[in-house]
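Spelled out, the chains give:
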Amino acid sequence: MSNTKIRVENLYFSYRGRSVLRDVSVGFARNAITALTGPSGVGKSTFLTTLNRLWESTRDATMQGRVEIELQGRMRDVYDRGMPLTELRKKVAMVFQAPNPLPMSIAKNIAFPLKLAGERHRTVVAGRVEQALRMANLWHEVKDRLQDDARTLSGGQQQRLCIARALVLEPEVLLLDEPTSSLDPAATDAVEELLTGLKERLTILVVSHYLEQVVRISDRVVRFADGTIVAG
Amino acid sequence: MKKLHELVAERLLCLSALASSAITLAILAFLVVMGLPLMRAGGVLPLVYSPWAPFQGSFGIFPMIVGTCAISLASLVLAFPLSLGCSFLIAAVAPSAVSRGFRRLIELMTGIPTVVYGFVGIFLLVPIVRELFRSGSGMSLLTAALVLGIMITPTMTLFFCDSFDRIPKSYLDAAEALGASRTQQLLHVMLPLAKKGMLTGVLLALGRAVGDTLIALMLAGNAVQVPTSVLEPARTLTAHIALVMAADYESPEFRSIFTCGIVLYLFTLTVTFVVRAMGSAKDEAA
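Residues numbered from 1 in each chain as written. Chains lettered and ligands numbered in written order. Predicted model: local features only at pLDDT ≥ 70, side-chain atom pairs only at ≥ 80, totals over all residues.

Colleague: Looking at this structure, how should I read the overall build of chain A?
Modeller: A count of helical and extended segments in chain A gives eight helices and ten strands. Taking 2.2 N^0.38 as the reference for a compact globule, 232 residues should give roughly 17 Å; the C-alpha atoms of chain A span a radius of gyration of 17 Å, in line with that estimate. Along the first, second and third principal axes, the C-alpha atoms of chain A reach 50 × 40 × 40 Å. The 232 residues of chain A split such that 46% are buried. (Helix = DSSP H or I, 4+ residues; strand = E, 2+ residues; numbered from the N terminus. Rg over C-alpha atoms; globule rule 2.2 N^0.38 Å. Buried ≥ 20, exposed ≤ 12 C-beta atoms within 10 Å, placed from the backbone.)

Below is the structure:
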């Protein structure tokens, strides 16, 4: 059985007529952390959004090519008409550069994706919230203040909360777009430690500008330049 | 040290603010002074809760208060879901070109004179209501509320759209990345975050409905009675003022319209204070 979790072939992406990605073909192994590096504006973040189709809400953007991800043991074309968007995004979760907790309590933030998925059973929700917070190494820090507004957490805690929120639906792929760029060194260490621990369960793609971080956490480095992959 | 032109501008602005405040207070004083003879003779409360029967010496405005509340609330009930639907379409559902075009159309609708809505109501809606329900002339609380509802819908829609526009994009991105559909984003993120702004829109639209004169005058039938059905005619405070205005200047009928004015003034004042209080609460929360 192949170890490939994500396979991208001949990917082209343009925004407002400007080419952002050109002929990108690459595969990513499961249960590994791959760092996407390169200068700003070369298409790394855009590449991430092509994997869970998050770019589709961007006006004046077009994409060509093939993206396949192994989901529930089967290689699926994510742009196939039979692929439900909500289902894809539950399995291919994304965490953004700046922490973006929703304006609600810590517990409600984590429970939000479950609510969207139609999970109403309180005991189940509470259990999954705790599990996700534990996976994100945040449980012990917030267990006594689950009803506090999530925006009262520190920046690092907020980012781990966002990771926990992405984990609650048990995704198979986790995409992170410069997840530590707005964090201090201690918070960065906490997020890096978390990601290293998570790779046993997940396939992780992380956009990073920090060379030390790339060396510390990644199993493989893919370098982007001028809209295409030049190394890795 | 301030330059001369800055000082002059500051003083002029201060003077303008003082003048508008003084005019607002002067209007209230004028209403009270003009209505005072009637209020002294019959007391303030009886004027508010007693019926309008000038030949029996009763100049109460109770039927008009009920008429105003009924028509404006009914119009709000109609306009709220319409505005919600329009704002959802503009803010979240429609493609950008359709959304822009639809928004311009709604903005245009806010500028249409009330009398045009009234004409459309008289020539199109009144016959339909008359034929459909076979009750009376077709000029009724329902007819006025329908047209008034359509008239306040653009105002409310634009307020709702502005409230949606103010929601930080990061919240919507987060919801989208978690698999929320557009409808789920609306229900679980946009509505809870926009509710204060939306409530402001509802209150201001209510203020517009209460203060409107022409629609009620042209379409409500103007019968001085407490309506017991939406198909019955009713008279609003503003329509009453317009209709009684022609009475003798010294007559109690004429004096009663100032009581109507005071009630409308106090209502507007209450709405303004509620909206302001909500705005301050929002600022504190932020």
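Colleague: Would you take a moment to explain the overall build of chain B for this structure?
Modeller: Helices and strands together make up the secondary structure of chain B, namely eleven helices and two strands. Its helices and strands taken in sequence order, chain B reads α-α-β-β-α-α-α-α-α-α-α-α-α from the N to the C terminus. Overall, chain B is about 70 × 70 × 30 Å in size when its C-alpha atoms are taken along their principal axes.

Colleague: For this particular structure, what's the right way to read the sheet that holds strand β9 (residues 220-225) of chain A?
Modeller: Strand pairing in a sheet is mediated by backbone hydrogen bonds. Such pairs are either parallel or antiparallel. All names here are of chain A. Spatially, six strands are ordered β6-β7-β8-β3-β9-β10 in an open sheet, and the strand pairing comes out mixed. Strands at the two margins of the open sheet, each flanked by one partner only, are β6 (92-95) and β10 (228-231). Across the sheet, the mean angle separating the axes of adjacent strands is 25° when strand polarity is ignored. The sheet contact formed by β9 and β10 spans three bridges and is antiparallel. Bridge assignment links Phe224 to a residue of β10, and that residue is Ile229. Lying over the sheet, helix α6 (residues 155-167) contacts β6 and β7 (173-177), oriented at roughly 170° with respect to β6. (Pairing = 2+ DSSP bridges. Axes fitted to C-alpha atoms, helices over the stretch in contact; angles between N-to-C directions. Contact = placed C-beta atoms within 7 Å.)

Colleague: What's the story with the sheet that holds strand β1 (residues 4-15) of chain A in this structure? I'm lost.
Modeller: Residues and elements named next belong to chain A. Pairing is antiparallel in the open sheet, where four strands are placed in the order β2-β1-β4-β5. Two strands close off the open sheet at either side, each with one partner strand: β2 (18-29) and β5 (74-77). With direction set aside, neighbouring strand axes in the sheet form an average angle of 5°. Sheet analysis places strand β4 (residues 61-71) next to β5, joined by four bridges and oriented antiparallel. Each residue of the ladder has a partner; that of Glu68, found in β5, is Asp77.

Colleague: Can you help me understand the nonpolar core in this one?
Modeller: As a rule of thumb, nonpolar side chains are buried together in soluble globular proteins. The biggest cluster of nonpolar side chains holds 136 residues, and the ones touching the most others in it are Ala164(A), Leu175(A), Ile71(B), Ala144(B) and Ile215(B). The biggest single contributor to this core is helix α6 (residues 141-165) of chain B, with 15 residues. Those residues within four positions of Ile215(B) in sequence are excluded, and the remaining contacts are Thr114(B), Tyr117(B), Gly118(B), Gly121(B), Ala144(B), Val147(B), Leu148(B) and Met151(B). (Core = buried A, V, L, I, M, F, W, Y, C linked by C-beta atoms within 7 Å.)

Colleague: Looking at this structure, how should I read the pairing of β9(A)?
Modeller: Each regular strand carries side chains that alternate between the two faces of the sheet. All names here are of chain A. Pairing of strand β3 (residues 33-37) with β9 involves four bridges; the strand directions are parallel. Of the residues in β9, the one forming a bridge with Thr37 is Arg223. Counting the residues in the hairpin turn of β9 and β10 gives two residues, including Asp226, whose phi is positive at 50°.

Colleague: Sorry if this is basic, but what is going on with the interface of chain B and chain A here?
Modeller: Quite often, the size of an interface is put as the accessible area lost when its parts meet. Facing 15 residues of chain B, the contacting portion of chain A comprises 17 residues. Listing elements by their share of the side of chain B that touches chain A, those giving two or more residues are α7 (169-177) and α8 (182-211) of chain B. For the side of chain B that touches chain A, the element with the most residues is α7(B), which contributes six residues. Among the residues forming the side of chain B that touches chain A, the class breakdown is seven nonpolar, six polar and two charged. (Nonpolar A, V, L, I, M, F, W, Y, C, P; charged D, E, K, R; others polar.)

Colleague: Even after reading the chapter, I still don't get the packing of α7(B) against α8(B), so can you show me in this structure?
Modeller: Packed helix pairs are specified by the crossing angle of their axes together with the interaxial distance, meaning the distance between the axes. Residues and elements named next belong to chain B. Packing of α7 against α8 brings their axes to within 10 Å, and their N-to-C directions diverge by 160°. With respect to α8, the axis of α7 lies roughly antiparallel. Between α7 and α8 lies a crossing whose hand is right-handed. In this structure, α7 uses Tyr171, Leu172, Ala175 and Glu176 to contact α8, whose residues at the interface are Gln185, His188, Val189 and Leu193. Partitioned by chemical class, the residues of the contact of α7 with α8 number five nonpolar, two polar and one charged. (Parallel < 35°, antiparallel > 145°, perpendicular 65-115°, else oblique. Left-handed = near helix turned anticlockwise from the far one by under 90°.)

Colleague: How do you make sense of unusual backbone geometry when you look at a structure like this?
Modeller: What is expected of a backbone is that most residues other than glycine have negative phi and most peptide bonds are trans. Residues and elements named next belong to chain A. Of note, Glu170 is a non-glycine position whose phi angle comes to about 55°, a positive value. Take Glu170: it is sitting in the loop between α6 and β7. Residue classification places Glu170 among the partly exposed residues on the basis of 14 C-beta atoms within 10 Å.

Colleague: How do you make sense of helix α10 (residues 237-244) of chain B when you look at a structure like this?
Modeller: Each turn of an α-helix holds 3.6 residues, which means side chains three or four residues apart point in the same direction. With respect to burial, α10(B) is a largely interior element, six of its eight residues being buried. Three or more residues of α10(B) are buried, namely Leu237(B), Thr238(B), Ala239(B), His240(B), Ile241(B) and Val244(B).

Colleague: Whenever I open this one, the environment of Thr200(B) confuses me. Can you help?
Modeller: Its place among the elements puts Thr200(B) in helix α8. On the neighbour-count criterion, Thr200(B) (21 C-beta atoms within 10 Å) is buried.

Colleague: What is the right way to read α6(B) from this model?
Modeller: Residues and elements named next belong to chain B. Counted at 1.5 Å a residue, the expected span for α6 with its 25 residues is 36 Å, and the 35 Å between its end C-alpha atoms agrees. Maximal helix bending in α6 amounts to about 35°, located at Thr153; proline Pro154 follows within four positions. Among the 25 residues that make up α6, 22 are buried, leaving the element largely enclosed by the rest of the structure. (Expected span 1.5 Å × (residues − 1). Bend = angle between axes of the 7 residues up to and from the residue.)

Colleague: Is there a simple way to think about the packing of helix α3 (residues 62-93) of chain B against helix α4 (residues 96-110) of chain B in this case?
Modeller: All names here are of chain B. Viewed as axis vectors pointing N to C, α3 and α4 meet at an angle of 140°, and their least axial separation amounts to 8 Å. Taken as axis vectors, α3 and α4 run oblique relative to one another. Pair α3 / α4 crosses with left-handed handedness. Residues Cys86, Leu89 and Ile90 of α3 form the contact with α4, whose participating residues are Ser99, Phe102, Arg103 and Ile106. Class assignment of the residues belonging to the contact of α3 with α4 gives a composition of five nonpolar, one polar and one charged.

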